[in-house]
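Remarks on the overall topology
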Amino acid sequence: MTFIEQFKKIMQDAMPAFLANPFIKDCEAGRIDARALYTYIYQDNIYLDVYLPLFSKGLDNFGIDSESLRQFEGDQETEPHLMLQKLADEKNPAAKATITKEWLPATTGYLKHIQDSQKEGDFIFLCSLAACPYVYGYLTEKMIESGQIKKGNPFYPWFDFYKGTDGQLTVDFMKVLEEEADKVDEEMQSRGLTAFYQAVQFENDFFAQSLEKEG
Ligand SMILES: Cc1ncc(C[n+]2csc(CCO)c2C)c(N)n1
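Starting from 1, residues in each chain are numbered consecutively following that chain's sequence as written. Predicted model: local features are reported for residues with pLDDT of at least 70 only, side-chain atom pairs are reported and counted for 80 or more only, and whole-chain, interface and lining totals are derived from all residues. Based on all heavy atoms of the structure, the side-chain values leave hydrogens and waters out of the count.

**Remarks on the packing of helix H6 (residues 105–120) against helix H7 (residues 122–145)**
Which entries qualify depends on this criterion: Lines fitted to C-alpha atoms define the axes here, with helix axes fitted over just the stretch in contact, and angles between the N-to-C directions of these axes take values from 0 to 180 degrees. Runs of H or I in DSSP of at least four residues are treated as helices and runs of E of at least two as strands, each being numbered from the N terminus. If an angle is under 35 degrees, it is roughly parallel; if it is over 145, roughly antiparallel; if it lies from 65 to 115, roughly perpendicular; otherwise it is oblique. Note on definitions: a residue-residue contact is assigned when non-hydrogen atoms from the two residues lie within 4.5 Å. When residues are grouped by polarity, Ala, Val, Leu, Ile, Met, Phe, Trp, Tyr, Cys and Pro land in nonpolar, Asp, Glu, Lys and Arg in charged, and all others, Gly among them, in polar.
Look at H6 against H7: their axes get within 6 Å of each other, and the N-to-C directions meet at 155°. Relative to H7, the element H6 lies roughly antiparallel. From H6, Tyr-110, His-113, Ile-114, Ser-117, Gln-118 and Glu-120 reach across to H7, where they touch Ile-124, Phe-125, Ser-128, Leu-129, Ala-131 and Cys-132. Here the residues of the contact of H6 with H7 are counted per class, giving seven nonpolar, four polar and one charged.

Listed below in structure tokens is the structure:
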């Protein structure tokens, strides 16, 4: 298996956990939990404020220059957030006032994981950054392909926005990962896969935490 095939395998193995995630199950059922959506958007803005500059740095380390990257940095995911916000606004705008303004555990944990990976070196750092585009591209593509998310589902536009691991950014990213994996030893490759695996788990926890009520 190539290095990237091993990424794919990790994601395939994680799919049942994503599909059992209450946030994803709500999407599948077309159920709109306004508070969960406002919480997700709020936490995602915190996450992106830290993630996007790191992402940019991680790609710069390997000379990956991508137009879609600059676009992502520019708009901070405004479009998909607006899609979810519209659903929440239509359902129950009052829920917005009830969300927590704290940094939730998966937000903090995920960002710490990426920062710790950065300290381990450029290759491990890149592997930890890869889950963000890969998980969203893969999960949304598979759920549309399988009919779990159909046209007419209120979340369809959000899934459609992200679907595909074949976008230029992800393609460039994976190509560099494959090339760099060839230059490091087996131990480093295995640490890279672990860093990716852990980031994938954080992606799942990140969705789930939006529905968890405050302690
Ligand atoms: C927790 C979390 N994970 C992934 C994304 C999706 N996303 C954010 S930036 C980007 C492109 C570069 O990776 C993508 C696909 C998100 N919004 N929030």
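Read on for the rest.
**Some details on helix H2 (residues 22–29)**
Formally: Partly exposed residues are those whose accessible area sits between 20% and 50% of the maximum for their type, while under 20% is buried and over 50% is exposed, using a 1.4 Å probe and protein chains only. Directions from the helix axis toward the C-beta atoms define the arc. Any pair of nitrogen or oxygen atoms within 3.5 Å is treated as a polar contact; in protein, a donor-acceptor pairing is required on top of that, and neighbouring residues in sequence qualify only through side-chain atoms on both sides.
Of all the positions in H2, only Phe-23, Ile-24, Asp-26 and Cys-27 are classed as buried. Relative to the axis of H2, the buried residues are bounded by an arc of 155° and lie together on one face. Looking at the buried positions of H2, the neighbouring elements they touch are helix H1 (3–19), helix H3 (34–60), H7, helix H8 (156–162) and helix H10 (186–209). Measuring from the side-chain oxygen of the N-cap residue of H2 to the backbone nitrogen of Phe-23 gives 3.0 Å; that N-cap residue is Asn-21. Positive phi shows up at Gly-30, right after H2, with a value of about 70°.

**Considering helix H5 (residues 78–91)**
Which entries qualify depends on this criterion: Every helix has an expected span of 1.5 Å times one less than the residues it contains.
When the terminal C-alpha atoms of H5 are compared, their 20 Å separation across 14 residues agrees well with the 20 Å that a helix rising 1.5 Å per residue should span. Those residues of H5 that fall on the buried side of the exposure criterion are Pro-80, His-81, Leu-84, Leu-87 and Ala-88. For H5, the buried positions fall inside an angular range of 125° around the axis, keeping them on one side. Away from the buried face of H5 by more than 90 degrees, exposed residues Lys-86 and Glu-90 are located. Looking at the buried residues of H5, the elements they touch are H3 and H8.

**Description of the environment of Lys-91**
Following the sequence through the fold, Lys-91 ends up in helix H5. Residue class for Lys-91 comes out exposed when judged on its relative accessible area of 52%. Considering only alpha carbons, one finds Lys-91 and Arg-35, 56 residues apart in sequence, at a separation of 9.7 Å. Among all residues touching Lys-91, those that are not within four sequence positions of it are Ile-32 and Ala-34.

**Structural notes on the pattern of salt bridges**
The criterion, for reference: By salt bridge we mean one thing: a side-chain nitrogen of Lys or Arg within 4 Å of a carboxyl oxygen of Asp or Glu.
Overall, the coordinates contain 11 salt bridges when judged by the stated rule. The partner of Lys-86 in a salt bridge is Glu-90, with the nearest N and O atoms 3.3 Å apart. Within this pair, Lys-86 and its partner Glu-90 are both found in helix H5, separated by four residues, close to a single helical turn. One exposure class covers both Lys-86 and Glu-90, and it is exposed. Taking the shortest distance from any N to any O, the salt bridge between Glu-179 and Lys-175 comes out at 3.5 Å. Note that Glu-179 and Lys-175 are positioned in helix H9 (residues 168–183) at a spacing of four residues, about one turn of the helix. Taking the relative accessible area as the measure of exposure, Glu-179 reaches 38% and is therefore partly exposed. Exposure remark for Lys-175: the relative accessible area of 53% places this residue in the exposed category. Here the residues in one salt-bridge network are Lys-112, Asp-116 and Lys-119, joined through shared partners.

**Here's the deal with the packing of H1 against H7**
Worth spelling out the cut-off: Here a crossing is called left-handed whenever its near helix is offset anticlockwise from the far helix by less than a right angle, and right-handed whenever the offset is clockwise.
Close contact between H1 and H7 brings their axes to 10 Å; oriented N to C, the two are set at 55°. As far as their axial angle goes, H7 and H1 are oblique. Note that H1 runs across H7; the crossing there is right-handed. Contact residues: Phe-3, Phe-7, Lys-8, Met-11, Gln-12, Met-15, Phe-18 and Leu-19 in H1; Phe-123, Cys-127, Ala-130, Tyr-134, Val-135, Tyr-138, Leu-139, Lys-142 and Met-143 in H7. Residues belonging to the contact of H1 with H7 are distributed by class as follows: 14 nonpolar, one polar and two charged.

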